[in-house]
2 protein chains.
Amino acid sequence: MPKQADDGRKRAVIESVSPEIDGGRYPVKRVAGDRVRVRADIFCDGHDLLCARLWHRKNGESDWQRFSMQPMINDIWEGWFTVTELGFYEYTVSAWVDHFRTWQTDLQKKFAAGQDVRIEFSVGLHMMQKALEQAREGDAQRLGDLLQSLQEEKDESLAVGLACSPELGLLMEDYQERGLVSKYPRILQVEVDRKKAGCSAWYEIFPRSWGYTPGEHGTFKECERVLPDIAEMGFDVLYLPPIHPIGRTKRKGKNNSPVSEPGDPGSPWAIGSEEGGHKAVHPELGRLDDFREFLSKAREHGLEIALDLAFQCSNDHPYLREHPQWFRWRPDGSVQFAENPPKKYEDIVPLDFETEDWPALWQELKSVVVFWIEQGVSIFRVDNPHTKPFAFWEWLIGEVKNEHPEVIFLSEAFTRPKVMNRLAKLGFTQSYTYFAWRNSRQELRQYMEELTKTGPADFFRPNFWPNTPDILPEILQYGGRPAFVIRLALAATLSSNYGIYGPAYELCVADPVPGKEEYLNSEKYEIKDWKWDQAGNLKDFIARMNNIRRENPALQATNNLEFQECDNPNILVYSKYDEESSNYLLIAVNLDPFHNQAGWIRVPLEQLGIAKGKPYLLMDLVGDEKHVWTEEWNRIELNPHISPVQVFHIHAHLRTENDFDYFM
Amino acid sequence: MPKQADDGRKRAVIESVSPEIDGGRYPVKRVAGDRVRVRADIFCDGHDLLCARLWHRKNGESDWQRFSMQPMINDIWEGWFTVTELGFYEYTVSAWVDHFRTWQTDLQKKFAAGQDVRIEFSVGLHMMQKALEQAREGDAQRLGDLLQSLQEEKDESLAVGLACSPELGLLMEDYQERGLVSKYPRILQVEVDRKKAGCSAWYEIFPRSWGYTPGEHGTFKECERVLPDIAEMGFDVLYLPPIHPIGRTKRKGKNNSPVSEPGDPGSPWAIGSEEGGHKAVHPELGRLDDFREFLSKAREHGLEIALDLAFQCSNDHPYLREHPQWFRWRPDGSVQFAENPPKKYEDIVPLDFETEDWPALWQELKSVVVFWIEQGVSIFRVDNPHTKPFAFWEWLIGEVKNEHPEVIFLSEAFTRPKVMNRLAKLGFTQSYTYFAWRNSRQELRQYMEELTKTGPADFFRPNFWPNTPDILPEILQYGGRPAFVIRLALAATLSSNYGIYGPAYELCVADPVPGKEEYLNSEKYEIKDWKWDQAGNLKDFIARMNNIRRENPALQATNNLEFQECDNPNILVYSKYDEESSNYLLIAVNLDPFHNQAGWIRVPLEQLGIAKGKPYLLMDLVGDEKHVWTEEWNRIELNPHISPVQVFHIHAHLRTENDFDYFM
């Protein structure tokens, strides 16, 4: 129903504030140091000018900070503020009719048209006098001076100039009728994460495969030896599958066999045994102390450890005895195992989130997270979050981040788009994506446009994985080493967050379970003996890509992606630009792992501020090659066996000394 | 901030309900008899099945009606309800996990996979027993019978069939855990208008030009003579410029001259003189009784009178004396006239909506509307609503429609898109548009897509005017009679609401003020003597178009528009379909007023259910010609001087007796 206005004289209207997610139900996501640009449709009846303000404050602060908003085209106004601290900020918008600036503009027009403006003048002086009565000290002084000058000025042209000065308009802004300010009806929120939430390179290993004796269960202590290589490759997050005791009942054997052989280590996701549950360390990996030592060693190498949160149990988990009410029991007295009929997952027992004892269950699961945070972990990769209630995650993440705003949660939900988006909206910091199944130029462009230019851009931070222990995509099965190079380059440059499961990746392991996108002899069910430095491995290439990411701010964001033109559909061309550092990259990837592909690509000269016909320099950061181009359209050729990817650093202004140093 | 869930076990999620305008701030618009389709994204964690309901009620009713929603693709669910009464309806959505149907589906899959389902069976029987305890009488009987049959059935296959029956699923729907229903957090609104709000043909005249003596001021009584012709042309709304006393001070002369000659009648929009203001009838038109008589005569011809609401005053309006506080006074004691610097409109004084006495001003203006409603008027064309505050209109329209939901307000705002949209959102029933300036195929397609397929489709009802007394578009100035035919055909078939200013339109009057899109010797400032039946007039063509509109429900809606393909960019092809009556029209318009244009057009056979290669019949309702086509692509040719438009009625099913009658 139309609502009666509180004061019918509030004439400014504020609509369509963005960013805004689901009417303000969820915060938008940014990282510390980000500039939050806010737009709104703001207008009023008639021809009067408006003033608009963007307000913000850190949650919990009492005072609001305010910034002016500026009109763009089509009644859109824009303003911005910078977020520096972790946690939540609030923001909203206000606007009102700026009678004084309207008067200034009208006066100018009338004077220019040769009209008699004496009466107009007295209208304006009256407004100034009224403002003067309530002006603060400094303002009062200046306003008084200006008023006097205006009254004394005999030359009408000079008086009009003085009256219409921007300084006077600004001074008057604060002293107009404040009761008639329109306020946007909602206060919106930004959640500010640390920078790693927006840019991270993940590496996943199974520590148990890194014992000193091939084929035997490795320990954290032994696994420390992998840290230097991973650090040298340039990763900054080391993610470990669950490190807890593994169930014995119905333990899976090699290749997901329902029956295990003696010595089979079992899937780390079948959590819990008589040795403990989600807060315990698998004895074969070591003790809690060893884990803490591993954490600390990793930190020395610039690596943060990410743990796996898999809220499910093996048949032997202590929860089954201690909290039987958290599980679903069948009429025959057996516990309900996981299933997706007709498939059965008999080594896994799901928690029953519909238990009447749900508050205790939620608290216990929160205590698991807090326990690991207390050990020094602040990144969690969450297993299958889409099989637990959304309300639970919203509560859990909210509670944890309230105390620990630095914590990062990565959602491992490979499911329907709206489910994945909801998890991101309700609080997950980063999200797995469909990247593994987007290969053609059209697929990649369409998917990236969706992620970076539509709703999800404000809440869904993609984390691109070309492989995982669960996923060996078809293209890696048939594309050979070039496919591994291509997919890594795409992941590392399209998305500022990406990761690989290694060393299967660097070693280009490509044997699938026949007919499936899964690894044969998966490390999930057995201990592997990796020959990490085998010829043809990708360690140097990966190190180079991660180095390029580290040195180029343009690659440390995702939403700054712009696709560029190329006449060969096998070549994907895109650019990334970082405004603050003026860092501009143009990236070309041959999507065909088998053939040379050549094509003409268009360099967006206008955007780069390069005049047509002027030479400009490019440095291919992958091949360390220099080019001087003068045209808008230029030919490139990419050989998948040599280097299917070029990352051009473009320096638009050739003539400064620095540039010569850099390029020559 | 993430909010703690009320009951953490509510697993269903409801998002993105549509239609919804600005988070429910405004109602969506429909007309009586419409089916309101509601969609929402609905899903839960895991694989369980859901149940979703759409709830609605007429405002003021205590009981909600509920309908099931059905899942479409991509987690979108759809439901609908029908609105029959004028005024507001509320609607919202609920959803919950349907454990019983989940059980049915799982049981079926397990049984099909040859698994032992005895334990599953007892789980389901237990659910049925619990439901039986709370079932209503009829349901209890049936549920009890089914439970007994299931318990007694010895054949497992038959038992599974019985257990999985849709009837049982439906019966169980109501008796599942009701506490765990998720409700969409907002209650949304539909405003239901009468059918004429959605489909109307307007005709605008200046009654004063229809006196018996050419050049002399006509009266309502004399003007009654135009009613038969207007009715015969098929219009159903007759819109009159303001009928009130016209000011004398600063009265405008012919061609908007700032000085009037004796005898100049003045602009009807300069309202108010010593003879009265907005509630008075201009004495030269007659008395209030004469106006009422005119209303009643018009009604006899099927014509509703629309009055003009122009909330502004001449210098002589009684308000200036009686309520000086409603105006803005200049320091020299003169009243502030209307201006858009440096332009001055000295015959018009705007009301000051920022007066402290605004509540009394609002009430007075409402009383004007109510006064004319009491005389029998229920359609208002509102002059320049964008120069009065939005809050005022929202209040005024809300107040009036609360008592008189049949009233129609047409917004005459030719201004920026967001301002026009806001006026529509806040309550205007119909709106003037940019149609007058959309001529090329691309312009028309783009504009129509915006109006019918994006946000405005739910709140902005376009009313297409190819001319008004203020607007003589360029294309009518240079395009000759064919342009008038083309533009009328477009207006009448693209939009279900349209109107013309006549007889300037039928007579193809095309003389502009040089360099402007305005009429030379405009009727706004002088009394015209129209030779209405002059050779070449469009009365018959207009009558035919209005007749086609009346006989074809497909033309009585706007959002049902779909563009179709044609290889000639000078020809615009589109279709309109009415589901209920299966009325399908394919319309082709030659946009070029000078040349024959021919092209191949694609008939959407699949949508029409016509098998490829089967013959189908078309009747051109404009030319009364029949065609049999068999192909998807067909050639047409449109001569602008004969008939630049064809409206094909397509009958897909040729072989029924009726069709032969119709076509042969």
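Rules used throughout
- Residues numbered from 1 in each chain as written.
- Chains lettered and ligands numbered in written order.
- Predicted model: local features only at pLDDT ≥ 70, side-chain atom pairs only at ≥ 80, totals over all residues.
- Heavy atoms only, no water.
- Helix = DSSP H or I, 4+ residues; strand = E, 2+ residues; numbered from the N terminus.
- Buried < 20%, exposed > 50% of the residue type's maximum accessible area, 1.4 Å probe, protein only.
- Contact = heavy atoms within 4.5 Å.
- Lys, Arg positive; Asp, Glu negative; His and termini not counted.
- Charge placed at Lys NZ, Arg CZ, Asp CG, Glu CD.
- Buried area = accessible area lost by both parts, 1.4 Å probe.
- Salt bridge = Lys/Arg side-chain N within 4 Å of Asp/Glu carboxyl O.
- Polar contact = N/O pair within 3.5 Å; in protein donor to acceptor, adjacent residues only side chain to side chain.
- Pairing = 2+ DSSP bridges.
- Phe/Tyr/Trp six-rings, centres within 6.5 Å; stacked < 30°, edge-to-face > 60°.
- Least-squares fit on C-alpha atoms with pLDDT ≥ 70 in both.
- Domains from an automatic or database assignment.
- Expected span 1.5 Å × (residues − 1).
- Arc of directions from axis to C-beta.
- Axes fitted to C-alpha atoms, helices over the stretch in contact; angles between N-to-C directions.
- Parallel < 35°, antiparallel > 145°, perpendicular 65-115°, else oblique.
- Left-handed = near helix turned anticlockwise from the far one by under 90°.
- Nonpolar A, V, L, I, M, F, W, Y, C, P; charged D, E, K, R; others polar.
- Disulfide = S-S within 2.5 Å.

Quick look at the overall build of chain A now. Helix and strand counts for chain A come out as 19 helices and 29 strands. The principal-axis extents of the C-alpha atoms in chain A amount to approximately 105 × 65 × 45 Å. Burial status across chain A gives 59% buried among its 664 residues. In chain A, 74% of the contacts between residues at least 6 apart in sequence involve partners at least 24 apart. Placing the 76 positive and 102 negative side-chain charges of chain A at their respective mean positions leaves the two points 2 Å apart.

Listed as interface residues are 67 residues of chain A and, on the opposing side, 67 residues of chain B. Summed over both partners, the interface of chain A with chain B comes to about 6200 Å²; 55% of that surface belongs to carbon and sulfur atoms. Along the contact surface separating chain A from chain B lie 14 salt bridges. In this structure, the salt-bridge partner of A:Arg330 is B:Glu120, at a minimum N-O distance of 3.0 Å. Put simply, chain A and chain B have 22 residue pairs in polar contact (both at pLDDT 80 or more) between them. Counting residues per element, the ones that place at least two in the side of chain A that touches chain B are strand 1 (13–18), strand 3 (35–43), helix 1 (99–112), helix 2 (118–134), strand 15 (338–340), helix 11 (358–374), helix 12 (390–403) and helix 13 (417–426) of chain A. Looking at the side of chain A that touches chain B element by element, the count peaks at six residues for helix 12 of chain A.

It is worth spelling out the side chain of B:Thr493 at this point. All names here are of chain B. Mapped onto the elements, threonine 493 comes out in helix 16 (residues 480–494). By relative accessible area, which is 0% here, threonine 493 ends up buried. A polar side-chain atom of threonine 493 sits 2.7 Å from the main-chain carbonyl oxygen of alanine 489. If we skip the residues at most four places from it in the chain, threonine 493 touches Met545, Leu555, Tyr574, Lys576 and Ile587.

Right, let's get into the sheet that holds strand 18 (residues 379–383) of chain A. All names here are of chain A. Pairing within the open sheet is parallel, and its seven strands lie in the order 20-19-18-13-12-11-21. Only two strands of the sheet have a single partner each, and these edge strands are strand 20 (430–431) and strand 21 (497–501). Strand direction decides the pairing type here: strand 11 (residues 200–204) and strand 21, joined by five bridges, are parallel. Paired with tryptophan 202 across the bridge in strand 21 is glycine 499.

It is worth spelling out the packing of aromatic side chains at this point. Residue and element names in this part refer to chain A. In total, this model carries 80 aromatic pairs over all chains according to the counting rule given. Note on tryptophan 103 and phenylalanine 121: the rings are 6.3 Å apart at their centroids and 85° apart in plane angle, and the pair reads as edge-to-face. With tryptophan 103 in helix 1 and phenylalanine 121 in helix 2, this pair connects stretches of sequence that are 18 residues apart. Phenylalanine 121 matches tryptophan 103 in its accessibility class, with the two residues each being buried.

Turning our attention to the relation of the copies chain A and chain B. Turning chain A through 180° and shifting it by 0.0 Å along the axis lays it on chain B, with an RMSD of 0.0 Å. Taken together, these values place the two copies in the relation of a two-fold axis. Closest approach to the rotation axis within chain A is made by the C-alpha atom of A:Gly23, at a distance of 3.0 Å. When the interface residues of chain A are mapped onto chain B, 100% of them again lie at the interface, so the same face is used by both copies.

To continue, consider the domain arrangement of chain A. As assigned here, chain A comprises domain 1 (13–98 + 180–192), domain 2 (100–173), domain 3 (195–247 + 275–310 + 358–556), domain 4 (248–274 + 312–350) and domain 5 (561–662). In this structure, domain 1 of chain A and domain 5 of chain A have C-alpha centres spaced 37 Å apart.

The next thing to look at is the environment of B:Arg287. The topology assignment puts B:Arg287 in the loop between strand 12 (237–239) and helix 9 (288–300). Between the alpha carbons of B:Arg287 and B:Tyr434 there is a distance of 37 Å; along the sequence they are 147 residues apart.

On to helix 2 (residues 118–134) of chain B, then. Residues and elements named next belong to chain B. If you check helix 2, its first and last C-alpha atoms are 26 Å apart, about what 17 residues at 1.5 Å a residue would give, namely 24 Å. What helix 2 keeps buried is the set Glu120, Phe121, Gly124, Leu125, Met127, Met128 and Ala131. The buried residues of helix 2 occupy one face: seen down the axis, they fall within an arc of 155°. Facing away from the buried side of helix 2 by more than 90 degrees, the exposed set consists of Arg118 and Glu133. At its buried positions, helix 2 is contacted by helix 1 (99–112), helix 3 (137–152), helix 4 (156–163) and helix 5 (166–173).

Our next topic: the packing of helix 1 of chain B against helix 5 of chain B. Packed helices, taken two at a time, are described by the angle their axes make and the gap between the axes. Residue and element names in this part refer to chain B. It is the contact of helix 1 with helix 5, at a shortest axis distance of 9 Å, that shows an interaxial angle of 155°. Relative to helix 5, the element helix 1 lies roughly antiparallel. Crossing of helix 1 over helix 5 shows right-handed handedness. When helix 1 is examined against helix 5, the residues Phe100, Arg101 and Gln104 are found in contact with a partner set consisting of Leu168, Gly169, Leu170, Met172 and Glu173. By residue class, the composition of the contact of helix 1 with helix 5 is four nonpolar, two polar and two charged.

Between its first and last C-alpha atoms helix 17 (residues 539–551) of chain A spans 18 Å; for 13 residues at 1.5 Å apiece the expected length is 18 Å, and the two agree. Within helix 17 of chain A the residues assigned to the buried category are A:Lys539, A:Phe541, A:Ile542, A:Met545, A:Asn546, A:Ile548 and A:Arg549.

Take unusual backbone geometry next. All names here are of chain B. With an omega of 5°, the peptide bond running from serine 18 to proline 19 counts as cis. Relative to the assigned elements, proline 19 resides in the loop between strand 1 (13–18) and strand 2 (28–31). The peptide bond linking proline 341 to proline 342 adopts the cis configuration, its omega dihedral lying at 5°. Locating proline 342 in the fold gives a position in the loop between strand 15 (338–340) and strand 16 (343–345). At aspartate 75, a position not held by glycine, the phi torsion is positive, near 65°. On the basis of relative accessibility, which here comes to 12%, the residue aspartate 75 falls in the buried class.

As a further point, take the state of the cysteines. Residues and elements named next belong to chain A. Tallied over the full model, the rule gives zero disulfides over all chains. No disulfide involves cysteine 44; its nearest neighbouring cysteine sulfur is the one of cysteine 51, lying 12 Å away. We classify cysteine 44 as buried; its relative accessible area is 3%.

Residues and elements named next belong to chain B. Reading across the sheet, the seven strands line up as 20-19-18-13-12-11-21 and stay open at both edges, with parallel pairing between neighbours. Each of the sheet's edge strands pairs with one partner strand only, and the pair in question is strand 20 (430–431) and strand 21 (497–501). Relative to strand 20, strand 19 (residues 408–412) runs parallel, the two being bridged by two bridges. In the sheet register, leucine 410 faces strand 20, and the bridge partner there is glutamine 430.

So, on to the pairing of strand 2 (residues 28–31) of chain A. All names here are of chain A. Across the two faces of strand 2 the burial is the same, with Val28 and Arg30 and Lys29 and Val31 all buried. As judged from the four bridges shared by strand 2 and strand 10 (residues 188–193), these two strands associate in the parallel manner. Its bridge partner lying in strand 10, lysine 29 is registered against glutamate 191.

Residues and elements named next belong to chain B. Where helix 1 contacts helix 4, the two axes come as close as 10 Å, and the packing angle between them is 150°. Between helix 1 and helix 4, the angle is such that the two are roughly antiparallel. Of the two possible hands of crossing, helix 1 and helix 4 adopt the one that is left-handed. Contacts from Phe100, Trp103, Gln104, Leu107 and Phe111 of helix 1 reach helix 4 at Glu156, Ser157, Val160 and Ala163. Across the contact of helix 1 with helix 4, the residue classes break down as six nonpolar, two polar and one charged.

All names here are of chain A. Examined bridge by bridge, strand 22 (residues 561–564) and strand 23 (residues 571–578) share four bridges and lie antiparallel to one another. Considered in strand 23, the bridge of phenylalanine 563 is made with tyrosine 574. Once strand 22 ends, the chain turns through six residues before running back antiparallel as strand 23.

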